[in-house]
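What follows is each chain in one-letter form.
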Amino acid sequence: MVGAPQAHHDRRERVSPETPPIDPLTFWAEQASLHWGGQPALQPLYGEYDLNFHAQEADGSASVLKVMRVDCVPAEIDVQIGLLSQLEDVPGVPVPKVIPTATGANYAQAQDQDGHVRLMWRVGLLPGATLDRHAPTRGLAHQIGTMTAHMHEALSGFRHPSLERTLKWDLCAADWIENHLSVFDDQQAVQRQIAALLQWYRPRGQPLVRRLPQQAIHNDLNQQNVLAVGRSGTGPELSGVIDFGDSLYNPRLADLAIAGAYLAMDHEQPVEAVAALVAGYSQTASLSGAELDALWPLLLMRLAVSVTNSGLRQVEFPDDAYVVISEQPALALLQLARDLDPRFVAKRLRQVAGLADQTVAAAIPGRLDAPMFAAGPTVATALDLTQANILL
C-alpha cells in the first residue's frame, strides 16, 4: 500500500533582500536632525578633506553642516571656534556664528557609514556667493585688504596650541615642493620657474619670511573662503570670511600673499589687484618695507605650492574636480609672472603703501629671467607708477 504523501519541507533559508545603502546626503541629514533637531535638506559644498553641506530647513533657514575628516581631533574644532568667537563682533570682518547642538555643545560625534567616528559642527550661513562667482574688481580687492588688516588686529593676541603646527600650505615651510618637481616634467617652463623660486626661497626667502611679524592667521583666503554680494552699479561687496581650518601661527604677510594670489589670477591687471589689496590693508595697519618686498615672491610660492599640490592630488584622485579647481588660472598667472621683475612689483606695492621713496630690499629675488629692468630696479623711481599707467 502506498502511504499518503508526506509534506515536503524546504529547508533552504529564506534570505530577506539587503537594505539598500542610505544616500550620504540623507544619512548626514539624519545625523544633523538627531543632534540639532529639524529636518534639513543637504547639498554638498566644496571641501578638500572634510565634508561640507548647505543645510536648508523647512522654514527656509539655512546653515552649513561640517563633518570633519576621520582623524580630526576635538582641538582642531576648538581652535576654529575660538577664532570665530574672537572675530564675531569685529566690524568689517563678517564671520559665521557657531550653532550649538540641542544639548548646548559646540559639536557632536557620529559614526559614519563605514563605521568611523566623525566630529560634526554647524555654523550660520552668511549672505553672498564665493569669489569665483563674481567679476574681480580692484574695489573688492581693497575691501579684502581692509578686512584682513582688521582680522589681524583682532587676532594679534590670540593663542591656541593647535596653531603651533605646520602643514603643506605653510608658507614658512613651502620647500617641500622641491621633492616633487617631476610633476612638471612635461611643463619645462613651469619647472624651471619653480626651481628658480626655490633658489631664492631656501637661502634667503624662507629665513626672511620667518623673521617677519607673526601671529594667528587665516592661511587660506582663496576664492572659496571669501564671500561677496553683487551690488548694482558698484560691483561686488565683501560679505563673509569662512573656513579657518588651515589657520596657524605664521607671518601675517602670508594672508596677503594667499589672498593676493587668488585675486590676481582672476584679474586682467594682476599687479594692480595686489596693489589694491595692499592699499586696503595699509589704510588700517602699516606694512614694513621687508614685508612689501617679500609679498610678490611669496605670492608666487603660494602658486607653486598650489599647482604642485594639484598635480599630486590629480594622480591620487583623478575624478575629483576640486583638487584642480584653480590649477589653470594659477599656471596662467605663473606664466605672466615670468615676464615681470619682482623688483618692479615691490616698487609698486611700496608706492601704494606710502613707502615709494625707500630702496627695495636685496633679499627679494633678482631678475628671475624677467627682462623688464635691464638697468636695474632703480629705473623704476623715474617712472610714474600710477594706476592709469600700469597695464599689468
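Heads up: the structure comes first, above all this text.
Residue numbering note: each chain is counted from 1, following its sequence as written. Two thresholds apply to this predicted model, a pLDDT of at least 70 for residue-level local features and 80 or more for giving and counting side-chain atom pairs, whereas whole-chain, interface and lining totals are computed over all residues. To obtain the side-chain values, all non-hydrogen atoms of the structure were used and water was disregarded.

A.B. asks: How would you sum up the pairing of strand 5 (residues 117-124)? Please name residues and give values.
C.D. replies: By the criterion of burial, strand 5 is predominantly enclosed, with 6 of the 8 residues buried. Note: strand 3 (residues 62-67) against strand 5, 5 bridges, orientation antiparallel. Opposite Lys66, over in strand 5, you have Trp121 as the bridge partner. DSSP bridges decide pairing: two strands pair if at least two such bridges lie between them. Every helix listed is a DSSP run of H or I at least four residues long, and every strand listed is a run of E at least two residues long, numbered separately from the N terminus. Sheet topology places strand 4 (residues 107-111) next to strand 5; 5 bridges connect them, and they run antiparallel. Within strand 5, the position partnered with Ala110 by the bridge is Arg118. With antiparallel pairing between neighbouring strands as the criterion, strand 4 and strand 5 make up a hairpin whose turn holds 5 residues, including Gly115 at a positive phi of roughly 90°. Using a 1.4 Å probe on the protein chains alone, a residue whose accessible area is under 20% of its type maximum counts as buried, one over 50% counts as exposed, and one in between counts as partly exposed.

A.B. asks: Account for the nonpolar core, naming residues and giving values.
C.D. replies: Formed by 94 residues in total, the largest nonpolar core has its most connected members in Leu87, Ile144, Ile194, Leu299, Met301 and Leu303. Should any heavy atoms of two residues lie within 4.5 Å, those residues are counted as being in contact. Contacts of Leu87, omitting those with residues within four sequence positions, involve Val93, Val95, Met151, Ala154, Leu155 and Phe244. Buried residues of nine kinds, namely Ala, Val, Leu, Ile, Met, Phe, Trp, Tyr and Cys, make up a nonpolar core once their side-chain atoms join them within 4.5 Å. One finds Phe27, Trp28, Ala32 and Phe53 within the second-largest nonpolar core, a separate group that totals 13 residues.

A.B. asks: Which residues make up the pattern of salt bridges, and what values do they have?
C.D. replies: Two side chains with opposite charge may pair up if their charged atoms get near one another. One side-chain nitrogen of Lys or Arg within 4 Å of one carboxyl oxygen of Asp or Glu is enough to make a salt bridge. Summed over the entire model, instances satisfying the criterion amount to 16 salt bridges. A salt bridge links Arg343 to Asp341, with the nearest nitrogen and oxygen atoms 2.7 Å apart. For Arg343, a relative accessible area of 15% translates into the label buried. By relative accessible area, Asp341 is classed as buried at 0%. Through salt bridges with shared partners, a single network forms among Glu48, Lys168, Arg313 and Glu316.

A.B. asks: Account for the packing of aromatic side chains, naming residues and giving values.
C.D. replies: Stacked, tilted and edge-to-face are the three classes assigned to paired rings of Phe, Tyr and Trp, where Trp is represented by its six-membered ring and a pair needs centres within 6.5 Å; plane angles under 30 degrees give stacked, over 60 edge-to-face, the rest tilted. Tallying each qualifying case throughout the model produces 2 aromatic pairs. Each ring, one from Phe27 and one from Trp28, has its centre 4.9 Å from the other, and the planes form 85°; the classification is edge-to-face. Judged by relative accessible area, Trp28 falls into the buried class, the value being 3%.

A.B. asks: Pulling in residues and values, what's your account of the side chain of Asp170?
C.D. replies: Summarising the element assignment, Asp170 is placed in the loop between helix 3 (138-155) and helix 4 (188-211). Charge counting follows a simple rule: Lys and Arg are positive, Asp and Glu are negative, and His as well as the terminal groups are ignored. Salt bridges are absent for the buried Asp170, whose nearest opposite-charge side chain, Arg210, sits at 6.6 Å. Non-local contacts of Asp170, meaning those with residues more than four positions away in its chain, are made with Arg165, Leu248 and Asn250.

A.B. asks: Would you mind going over the pairing of strand 1 (residues 41-45) in detail, with residue names and values included?
C.D. replies: Taken together, the 5 bridges between strand 1 and strand 2 (residues 51-56) define a ladder with antiparallel strand orientation. Its bridge partner being in strand 2, Leu42 is matched across the sheet by Ala55. Remark: 5 residues form the turn of the hairpin made by strand 1 and strand 2, two consecutive strands paired antiparallel.

A.B. asks: Quick one: what's the story with the sheet that holds strand 6 (residues 129-130), residue by residue and with numbers?
C.D. replies: Pairing within the open sheet is antiparallel, and its 3 strands lie in the order 6-8-9. Two strands lie at the open edges of the sheet, namely strand 6 and strand 9 (237-241), each paired on one side alone. Strand contacts of helix 3: strand 8 (226-229) and strand 9, with the helix running at about 40° to strand 9, the strand carrying the most contacts. Axis geometry follows a simple rule: fit a line to the C-alpha atoms, using only the stretch in contact for helices, then measure angles between N-to-C directions, giving values from 0 to 180 degrees.

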